[in-house]
Amino acid sequence: MRKIAKITLLFVLITTTLSMCACHGRKGLDAFVIPEQFDETKHYDISFWAKNDTNLTQVDIYKKAISDFEALYPNITVNMRLYTDYGRIYNDVITNISTNTTPNVCITYPDHIATYMTGANTVVELDDLFVDTRFGLNGSEIKYDAPSFDEIVPQFIDECKIGEHYYAVPFMRSTEALYVNKTYVEAMGYEIPDIMTWDFVWEVSEAAMAKNADGTFKVNGQNVMIPFIYKSTDNMMISMLKQLDAGYSDPDGNIEIFNDTTKDILFEVSKHAGTGSFSTFKISSYPGNFLNAGQCIFAIDSTAGATWMGTHANHHDISLDKVVEFETEVYPIPQFDVNDPKMISQGPSMCIFNKEDPGEVLASWLFMQFMLTNDVQMSYSETEGYVPVTLKAQNCDEYKEYLSLASPDDPDHYDIKIKAAELLLNNTDKTFVTPVFNGSASLRDAAGQLIESVTKSMRRKETVDAAYMDKLFKDTAALYHLNQKSMAGNNGQKQELSRLPGASIALIVTLITVWILLGAYYLYGFISSRKKKK
Amino acid sequence: MKKVLALVCALSLVFSLAACGGSADKKSAGVMTYAEYDAAALDSEVVVEAYVQAHQSWWDNKITVYAADKDGGYFFYNMNCSEADAAKLTPGTKIKVTGYKSEWAGEVEVAEGATFEIEDGNYIAPAKDVTASLGKDELKNYQNQLVSFKDMTVSAVSYKNGEPGDDIYVNFTKDGQEYAFCLEYYLNGSDADFYNLVGSLTEGQVCDVEGYLYWYEGPNPHITKVTVK
């Protein structure tokens, strides 16, 4: 019997050990700890995955930044990989997390970082790095003039907080602008207010659909006119809901978008999609192309797309013979309450990925911090209607001089681009961002899809009614996996527990069985000894 | 007897060849001919049968397909497609596609979200020489077809990103007019030899060029073959 007990005990030990291993799963990297010193005798190759707006000047600025940085830190080589699409960066990062081949530094959005963080210590938490006196923001051992924490625009750095911690730094910021063919609006007899309401934009858009007897549009004399085109329909829905103080999601990842206000917005959009006075980028193409051809009156696009807007734009995708002469003006996006305007804050951020060698992570941090220096910030922001993310750059004389030189005829100081940048500079306190959680990127996609769907349906002569809306909500929730009450996971909130895997259940059953056998054996021994004593 | 047999054989051959040539156009019940598709209004539902000629790389359960039948070309943008089905879309494969006709920046296509089923049949469309149609409205009649242009002179080559790894924009001139072409990275960027060939083209070189006649605010062929003369 003693032999059986020994075997049972051994079995229990093995089972317990195995089950403990199973609980841990694949071991992740240890959390990054700032090294005492940065070893400048050791060579570091770091990868930087960057995004540009199909703008070669931006590529040149990245290259110059890398070159300037490497001159200061000859032991660090930065290898850049360029993308023109955030979605592709996101996809590639996700793919590389599983093989531990993530880049060192990556341009990205906080929504995406929330998903990257599903791996243990995958993305480096920056709280300690920000305040480290040696290597932190403007630390004593930094070889360049970096901004301090307080010199980063507070709204922009706050956007990089996921839960209670910072996981990114802002790189550039933009908002959306309403680019207007002022000539046409005034020709139609309207006076443009400083801030337009949605009602005003819808009204003018419908009026612009009037046609001549020959079928051409009265406002432009052409066969084509889409008065109102929105580039990013996810932003459109998000901004409208925010302005109406309606539900979208909360910081815990609870999905609130499927509500009556959303339906009201969609019914309004559908009315104008049905008349042809409203369309989207996905359905019709770039708003700027239509605007510049005199085929659009209200084009909403990022301020980071300002160099494509207007008769004298730096860039045109349409042939120059199709560009018409008109006065372009830049306004905030339409509002429901002009006394309380709200506009989205967007733009690239940067994060660093954890590695086994803390020195490599520190090298990544040094490069990422370098991207916040004045030269990089000013030169990159001036390529488009971006604004620098540091007060240090925004307030320097060189940048103020740049803003003062706005002109329609000077490509470097294109007035529409500078007006777009000033729109954000003057309204930073009116910007907002949406809550970030694992799944927030899907929710954003779903928000846009709702508008795309009703717009397509109206163009296809489908009936958009209450039943349509119920089905749309149901289908969209299923498509984007928004059915769960909460999608959070990275903010320290509890996730709903899913069913245990079969192997885990088997282990637990085995353990319980073993303990029952042990108990039975002990009880048997106890009873036997009592009998013997009798 | 031998003469009769020979005649029968010859006639059989002629009929079978004729049948082969015509099979590309034969449509199933409820399926539009190319002419009907061409005449269909934008934003209307279309059901077409066509043969895959090439496709862009599958991604996120979507695939973009260049297709043709004997009468014309089709562009199926971001069709719903599993990765397993994408592997079946080899050149020549016949598919029945249901979706909505739309136009994006001048490109007439079946819009994102179309569905398809694979059918029996195989056809590869030959390239049509449309050099004489360059700069004319009639060029649009060949939209989405595999077309060729002879004796085009390279005037500019640039990478979308400023360096290899993305689309390559190639401008060619012909008879004093400049035309924009594109090596679409997701179509043939993975063919390193071809990508390097196009990337290394230099101003003044004369080439014959083949590609699918895509449209972006004007003709913008997606290059598939370049022969430097």
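Residues numbered from 1 in each chain as written. Chains lettered and ligands numbered in written order. Predicted model: local features only at pLDDT ≥ 70, side-chain atom pairs only at ≥ 80, totals over all residues. Heavy atoms only, no water.

Here we come to the overall build of chain A. Secondary structure assignment for chain A yields 20 helices and 16 strands. Here chain A holds 534 residues, and the buried ones make up 55% of them. Sequence-distant contacts, at least 24 apart, represent 74% of the contacts inside chain A between residues at least 6 apart. Working note: accessible area of chain A is about 24,200 Å², and carbon and sulfur atoms make up 53% of it. (Helix = DSSP H or I, 4+ residues; strand = E, 2+ residues; numbered from the N terminus. Buried < 20%, exposed > 50% of the residue type's maximum accessible area, 1.4 Å probe, protein only. Contact = heavy atoms within 4.5 Å. Areas by Shrake-Rupley, 256 points an atom, 1.4 Å probe, with all protein chains shown as cover.)

A full pass over the atoms with the stated rule returns 0 disulfides over all chains. Unpaired in terms of disulfides, C182 of chain B finds its nearest cysteine sulfur in C207 of chain B, a separation of 16 Å. (Disulfide = S-S within 2.5 Å.)

A few words now on the domain arrangement of chain B. All names here are of chain B. The domain boundaries assigned to chain B delineate domain 1 (24–122) and domain 2 (128–228). When each unit is reduced to the centre of its C-alpha atoms, the spacing between domain 1 and domain 2 is 23 Å. Opposite the 18 residues of domain 1 that make contact, domain 2 presents 14 residues. Looking at the side of domain 1 facing domain 2, the largest losses of area belong to Y66, A105 and E107, adding up to 37% of the total buried there. The tally of links between domain 1 and domain 2 comes to 0 salt bridges. Here domain 1 is connected to domain 2 by 9 residue pairs in polar contact (both at pLDDT 80 or more). Contributing elements (two or more residues each) for the side of domain 1 that touches domain 2: β1 (45–55), β2 (62–68), β3 (73–80), β4 (93–104) and β5 (107–110). Counted by class, the side of domain 1 that touches domain 2 contains 8 nonpolar, 7 polar and 3 charged residues. (Domains from an automatic or database assignment. Buried area = accessible area lost by both parts, 1.4 Å probe. Salt bridge = Lys/Arg side-chain N within 4 Å of Asp/Glu carboxyl O. Polar contact = N/O pair within 3.5 Å; in protein donor to acceptor, adjacent residues only side chain to side chain. Nonpolar A, V, L, I, M, F, W, Y, C, P; charged D, E, K, R; others polar.)

Residue and element names in this part refer to chain A. Here the structure, examined in full by the defined rule, presents 26 salt bridges over all chains. D132 is the salt-bridge partner of R134, the closest N and O atoms lying 3.3 Å from each other. Comparing R134 with D132 shows no difference in burial state: the two are buried. A salt bridge links E151 to K392, with the shortest nitrogen-to-oxygen separation between them at 3.9 Å. On the criterion of sequence distance, the pair formed by E151 in the loop between α5 (127–131) and α6 (154–158) and K392 in helix α15 (residues 391–394) is long-range, its members being 241 residues apart. Here the salt bridges do not stand alone but share partners, grouping D111, D234 and R444 into one network.

Residues and elements named next belong to chain A. Read from one edge of the open sheet, 5 strands run β10-β9-β11-β8-β12, paired in mixed fashion. With partners counted over all chains shown, the strands left at the sheet margins are β10 (278–280) and β12 (328–332), one partner each. Averaged over all pairs of adjacent strands, the angle between strand axes in this sheet comes to 25°, irrespective of strand direction. Where strand β8 (residues 176–181) lies against β12, 5 bridges are found, and the strand directions are antiparallel. Pairing of Y179 across the sheet is with V330, part of β12. Relative to the sheet, helix α8 (residues 198–207) contacts β8, β9 (228–230), β10 and β11 (298–302), its axis offset from that of β9 by approximately 125°. Relative to β12, helix α17 (residues 415–425) is tilted by about 10°, and along the sheet it contacts β8 and β12. (Pairing = 2+ DSSP bridges. Axes fitted to C-alpha atoms, helices over the stretch in contact; angles between N-to-C directions.)

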